[in-house]
Amino acid sequence: MQSWVDWLDLRLDYRFLRNRLSSRILPNGPGWLYTSASCLLWLLVIQCITGLLLMATYCPSMNSAWASVHFIDQTSAGRFLRGIHHYASHAMIILFGVHVLRVLSTGAYRAPRELVWITGLLLFPLMIVWTVTGNPLSVSQKGIAQIQVEGNILGSTPVFGPLLRRLLFGGEDIGSLTLTRLYFLHVGLLPVLVGGLCFIHLHQVIKHSPYITSDDAASTSNPERLTYWPYQSVRNMITLTIVVGFLSFFAWKDGAPLPAPADPNLAFSPRPEWYFRWLFELRRHFSGDTEFIATMVIPSAFLLGFMAAPFVDRIRTHWLAVVCRLLIVVACLGGWSWLTMISFLQDGRDTEYLAETAEFEKLSARALELAKTEPITDKGAIELLRRDPQTQGPLLFARHCLSCHPHSGPKTPGLATAEPSAPNLYGIGTVDWITGFLDSERIASDEYFGRTKFRDGDMTQHVQGMFADDGKEGAAAKAQKIHAMAVALAVEAQIEVSDSAEAVTGRELIKSSGGCTDCHRFHDQGELGTAPDLTGYATASWLKQLISRPSDERFYGDRNDRMPDFASDPGHPELNLLSSQELDLLIQWLREPKTVTP
Amino acid sequence: MNRRELLEWVSRGLATAVAMVVGLPGVNYFLGGTQQKRSSESQFTRLLKVKDLVPGRLTMVPVMGQKVDAWIQSDQQTIGRVWLVREADSSSETGSAKQTVRALSSICPHMGCQVQVQTGGKSFVCPCHRASFGVAGQRLSGPKNGDRNIAPRDLDELECRLVRDDETGDNWVEVKYEKFKIGLDRRVVGA
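All figures in this text were calculated on a predicted structure; none of them were measured in a lab. Every chain's residues receive numbers from 1 upward, in the order its sequence appears when written. To label them, take the chains in the order written and letter them from A, then take the ligands in the order written and number them from 1. Residues qualify for local features only when their pLDDT is at least 70, as the model is predicted, and side-chain atom pairs are given and counted only at 80 or more; totals for whole chains, interfaces and linings, by contrast, use all residues. Excluded from the side-chain calculation are hydrogens and water; included are all heavy atoms of the structure.

Draft legend 1. How the structure looks around the overall build of chain B. Secondary structure assignment for chain B yields one helix and ten strands. Only DSSP runs of H or I covering at least 4 residues are called helices, and only runs of E covering at least 2 are called strands; the numbering of each starts at the N terminus. Sequence-ordered secondary structure for chain B, helices as α and strands as β, is α-β-β-β-β-β-β-β-β-β-β. Across the 191 residues in chain B, those meeting the buried criterion constitute 37%. Any two residues whose heavy atoms approach within 4.5 Å at even a single point are treated as in contact. Within chain B, counting contacts between residues at least 6 apart in sequence, those at least 24 apart form 49% of the total. When accessible area is computed with a 1.4 Å probe and restricted to protein chains, residues below 20% of their type maximum are described as buried, those above 50% as exposed, and intermediate ones as partly exposed.

Draft legend 2. Looking closely at the interface of chain B and chain A. Taken together, the contact between chain B and chain A spans 42 residues of the former and 45 residues of the latter. Overall, the association of chain B and chain A removes approximately 3,600 Å² of surface from exposure, summing both partners, and the carbon and sulfur fraction of that is 50%. Salt-bridge detection follows one rule: a side-chain nitrogen of Lys or Arg within 4 Å of a carboxyl oxygen of Asp or Glu. Connecting chain B to chain A are one salt bridge. The partner of Lys179 of chain B in a salt bridge is Asp173 of chain A, and the shortest N-O contact between them spans 2.7 Å. Under the rule applied, a polar contact is a pair of N or O atoms within 3.5 Å (in protein, one hydrogen donor and one hydrogen acceptor; residues adjacent in sequence only if both atoms are side-chain atoms). Run the count over chain B and chain A and you get four residue pairs in polar contact (both at pLDDT 80 or more). Among the secondary structure elements, those contributing two or more residues to the side of chain B that touches chain A are helix H1 (3-32), strand E1 (44-49), strand E2 (58-69) and strand E3 (72-86) of chain B. Once two parts are put together, the accessible area they lose, assessed with a 1.4 Å probe and summed over both, is termed the buried area.

Draft legend 3. Quick peek at the side chain of Asn236 of chain A. Relative to the helices and strands, Asn236 of chain A is located in helix H11 (residues 228-253). Residues contacting Asn236 of chain A, with those up to four places away along its chain left out, are Tyr34, Thr35, Ser38 and Tyr228 of chain A.

Draft legend 4. Broad picture of the packing of helix H6 (residues 114-134) of chain A against helix H13 (residues 291-307) of chain A. Residue and element names in this part refer to chain A. Lines are fitted to the C-alpha atoms to define the axes, a helix being fitted only along its stretch in contact, and any angle between axes, read from their N-to-C directions, falls within 0 to 180 degrees. Two elements in contact, H6 and H13, have axes separated by 9 Å at closest approach and are oriented at 165°. For the element pair H6 / H13, the angle class is roughly antiparallel. Judged by the twist between their axes, the crossing of H6 over H13 is right-handed. On H13, the residues that touch Trp117, Ile118, Leu121, Leu122 and Pro125 of H6 are Leu303, Phe306 and Met307. Its residues assigned to classes, the contact of H6 with H13 shows eight nonpolar, no polar and no charged. Here the angle decides the label: under 35 degrees means roughly parallel, over 145 means roughly antiparallel, 65 to 115 means roughly perpendicular, and every other value means oblique. Crossing handedness is read from the near helix: turned anticlockwise from the far helix by less than a right angle, it gives a left-handed crossing, and turned clockwise, a right-handed one. Put simply, Ala, Val, Leu, Ile, Met, Phe, Trp, Tyr, Cys and Pro go in the nonpolar bin, Asp, Glu, Lys and Arg in the charged bin, and everything else, Gly too, in the polar bin.

Draft legend 5. Inspection of the environment of Leu8 of chain A at higher detail. Residues and elements named next belong to chain A. For Leu8, the location among the structural elements is in helix H1 (residues 2-12). Looking at Leu8, the relative accessible area reads 33%, which means it is partly exposed. Distance from Leu8 to Pro259, taken between C-alpha atoms, is 51 Å for residues 251 residues apart in sequence. Beyond its immediate chain neighbours, meaning those up to four positions away, Leu8 contacts Asp13 and Tyr14.

Draft legend 6. View of helix H3 (residues 35-55) of chain A. Residue and element names in this part refer to chain A. With 21 residues, H3 extends 30 Å between its outermost C-alpha atoms, agreeing within 8% with the 30 Å of an ideal straight helix rising 1.5 Å per residue. Thr35, Ser36, Ser38, Cys39, Leu40, Leu43, Leu44, Gln47, Thr50, Gly51 and Leu54 are the residues of H3 that are buried. Buried residues along H3 sit against helix H4 (65-72), helix H5 (76-106), H6, helix H9 (176-207) and H11. Expected span of a helix: the number of residues minus one, times 1.5 Å.

Draft legend 7. Geometry of the nonpolar core. Remark: nonpolar core denotes a set of buried residues (Ala, Val, Leu, Ile, Met, Phe, Trp, Tyr, Cys) joined through side-chain atoms within 4.5 Å. Within the largest apolar cluster, 77 residues are counted, with the highest numbers of intra-cluster contacts made by Leu43, Tyr58, Trp66, Trp117, Val194 and Leu247 of chain A. With twelve residues, the top contributor of residues to this core is H5 of chain A. Among the nonpolar cores identified, the runner-up in size contains 65 residues, and Trp433, Val487 and Leu543 of chain A together with Leu84 of chain B belong to it.

Here it is in structure tokens:
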């Protein structure tokens, strides 16, 4: 065994390095403040290992990325590893800040360690770019929206901006090439660059550290000088254990976030990650052509200013130098915190932003919920939410219907409109909705026909004439009849599923004393052309036909008020306001049981 | 030049040549892949019937077309969105060709976010940095007192025409969809 190790050492000389490390000393002895450096290094190693493992599953394609990340999260180990990878990236940025401020406040950058300082500072923007290129890889709405803005910021740099933006995006717009470029940067180029800089950085640290010489060891007059190994190393490992403990806790408890898959049809206001908030706030004070001052010039000036520190600060121990350094540290920390805080406070007061964020959180949760039961097809995870009536229904309703129709229930505000001019469609086809419609008081109210030209039409007059309490018939008996007809129609709509005796009575009433078939067709009685068909009333296919062409003979014909044809041309689906799939989603949502808040 | 110097220069030259063999195609590879084939001239796209536009209401309509994303070509994709505004004072419901419809690009000229209709439906607002615009696309001062409008120019108005389909007698809104560079105070075609 011994001979083997000797053989290896003769060739590699590894004992030299080990001895060097174990005889290294820190100028002021070991301390907790020095642990940030080693912690950063080991986190970098952890990032490389977890990243490599994730690469074994992740697929950088616009269609598959989200699904593959979701797939990783399906095993507890995968979820944990991705969690560590995510939280460690945030931890590294915090530790980097701590590390730089520690070096700055102690003036540890001075000759001959200028290159330690400069390579270290250069690592900072690289690390930021590393996280920035990592965030969009899951092709989540948030990640893609962020990189879109970040690419645009890059593009607004004078001269080289447009070229750099095109290089990053792989074209004019975000697309498949953007993702492969980001992936290339994240797992290819940046690790090489960071690795190279780290090598120089560590080489310089080792080269310019003091070591115990044989003289020191021999002299008995000096007190014992504590070497790096193990006196500093044990502190390093304790700090690292605490940090990794925190990371593991979050990774185990929450996993890494996976926001809803990116869909260009969804609006989203991206906000940068917390470490960019100060720039986000700073940028608000510049506009147009001067914006690059905030996004490029100021950060670069800071970086260059810091880099110049070893060449400016040549006073070794003067108290003034100490005060200056501490002032700079306090100013940087204070300025950063101040801008960051303003930005968060501003968003905290912005109700529209908060509402949108809450909405997006719901969307993300919904996507994950759907992914549990629904398969992700070759069209990608984007289809999860696009095929979901609960998600698309309100969006389609708001876009196409809400300008006239409200959709708000008695207990839920739902979707309200400023100037309703058509019936409230909340619960259309349900017994309650139809009962309200046949109510002599309510039919002419804003809830139903109040703001349409049917306000004084035959239907309104019929309901007000027949169903109002005229004293001849008991109010209770009348209400019972109305309820029976409402049940019959709800059964017709296939919303009320059980066909009861009351429904049978209701159907008879519709055809006889209810007087409905005088104008409406209902199965074998009545004719079309005077009022909407009640056969198959409010079923999915009835609603689809109605919305497609309300002016069809089966519905309002030329009596149609203002409702547009939403899909009048089956031959040219691209020219219709709503596609067949959109209609299905909208109608499915409209007909959903209304026990839950929409 | 002695023999030693000559050999030094030859070595350097050869090393450079070998580096070029990989380096030049490397640069070209990165830049070349980004040159997207431009779909000739942007053409007018038929969006919807004039009568489907409620006067005075701001309506967002997706513009469908062919999209080429690197190695994937897909038809009937959303290539952009426009906000259509039909003048509120046009009285007739049938949509005669005289009525005016204005088309605005939905892309905020500041950072390229999608502008939304502000609560109340009488103006646009960009959700990213709260730039707000009137129905004609003109910049308005910020929603809160003292807020500056961060947008460098007004919303981009797109060429829009009303075309009568003689077969059916319908009037259609057609828009020439184009993208303009963001962040500039003037309009330059290009993403």
